[in-house]
Amino acid sequence: MNPTIKFKNILKVKANVLFFSMFLIFSLSSCDELFAPVEDDSTNGGEYTEEGIASYYADKYEGRPTASGETFRQNLLTAAHKTLPFGTMVTVTNLKNGKKIRVKINDRGPFVTGRIIDVTSRGARELDFIRDGIVNVKIEYDL
């Protein structure tokens, strides 16, 4: 076989493999929306809400890196959510007493069935559920 033809065939195969790989990467990168939780978008202004159980972090996580790379600090108003982008600002309302706080998502979790957000102990104090450990909350955010 002519070396020039053989070289062209090899290039054609590599180009096809590269094209197929790029197609897969771009196709699959948009699949995360298929598995995201269904949001209630019935409110005005692009605001989304979610209701469920909130808990708060144990002290053993103090000083450890969060999933976003930030250092975890109990005295800050930050939180963990399973799917929201890092940096999203969320209003958390304690449905038992109506108290609200605003937190920044900088970690992933909670990984306990039924829980939708983990806040710092400062957040739990401000929402007044330190003694209970968990509380029903509503979270609101704009995307």
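Please refer to the structure placed before this passage.
Cut-offs used in this document
Residues numbered from 1 in each chain as written. Predicted model: local features only at pLDDT ≥ 70, side-chain atom pairs only at ≥ 80, totals over all residues. Heavy atoms only, no water. Helix = DSSP H or I, 4+ residues; strand = E, 2+ residues; numbered from the N terminus. Areas by Shrake-Rupley, 256 points an atom, 1.4 Å probe, with all protein chains shown as cover. Buried < 20%, exposed > 50% of the residue type's maximum accessible area, 1.4 Å probe, protein only. Contact = heavy atoms within 4.5 Å. Pairing = 2+ DSSP bridges. Core = buried A, V, L, I, M, F, W, Y, C linked by side-chain atoms within 4.5 Å. Axes fitted to C-alpha atoms, helices over the stretch in contact; angles between N-to-C directions.

Undergrad: Quick one: what's the story with the overall build of the protein, residue by residue and with numbers?
TA: Per the secondary structure count, the protein includes two helices and six strands. As presented, the protein carries roughly 9400 Å² of accessible surface, and 58% of it is formed by carbon and sulfur atoms.

Undergrad: I'd like a rundown of the environment of Lys104, residues and numbers included.
TA: Tracing the sequence through the fold places Lys104 in strand β4 (residues 100-107). On the basis of relative accessible area, Lys104 is assigned to the partly exposed category, the value being 28%. Separated by 14 residues in sequence, Lys104 and Val90 have C-alpha atoms that sit 6.3 Å apart. Once residues within four sequence positions are removed from consideration, Lys104 is found in contact with Glu70, Leu77, Thr78, Ala79, Gly87, Thr88 and Met89.

Undergrad: Kindly report on the pairing of strand β6 (residues 134-142), identifying the contributing residues and their values.
TA: Two strands pair when backbone bridges link them, and strand β1 (residues 47-56) and β6 are joined in this way by nine bridges, in the antiparallel orientation. By the bridge assignment for β6, Ile53 is matched with Asn136. In the sheet, strand β3 (residues 89-94) pairs with β6 via four bridges, with the strands oriented antiparallel. Bridging from a neighbouring strand, Asn94 pairs with Val137 of β6.

Undergrad: Report on the nonpolar core, specifying residues and quantitative values.
TA: The biggest cluster of nonpolar side chains holds 18 residues, and the ones touching the most others in it are Val90, Val92, Val103, Ile117, Phe129, Val137 and Ile139. Elements supplying a minimum of two residues to this core: β3, β4, β5 (115-119), α2 (121-127) and β6.

Undergrad: Go over the sheet that holds β4, please, and point to the residues and values.
TA: Ordered in space as β1-β5-β2-β4-β3-β6, the six strands form a closed barrel in which the pairing is mixed. Within the sheet, the average angular offset between the axes of one strand and its neighbour, ignoring direction, is 45°. The sheet contact formed by strand β2 (residues 78-80) and β4 spans three bridges and is parallel. Residue pairing in the sheet places Ala80 in a bridge with Asp107 of β4.

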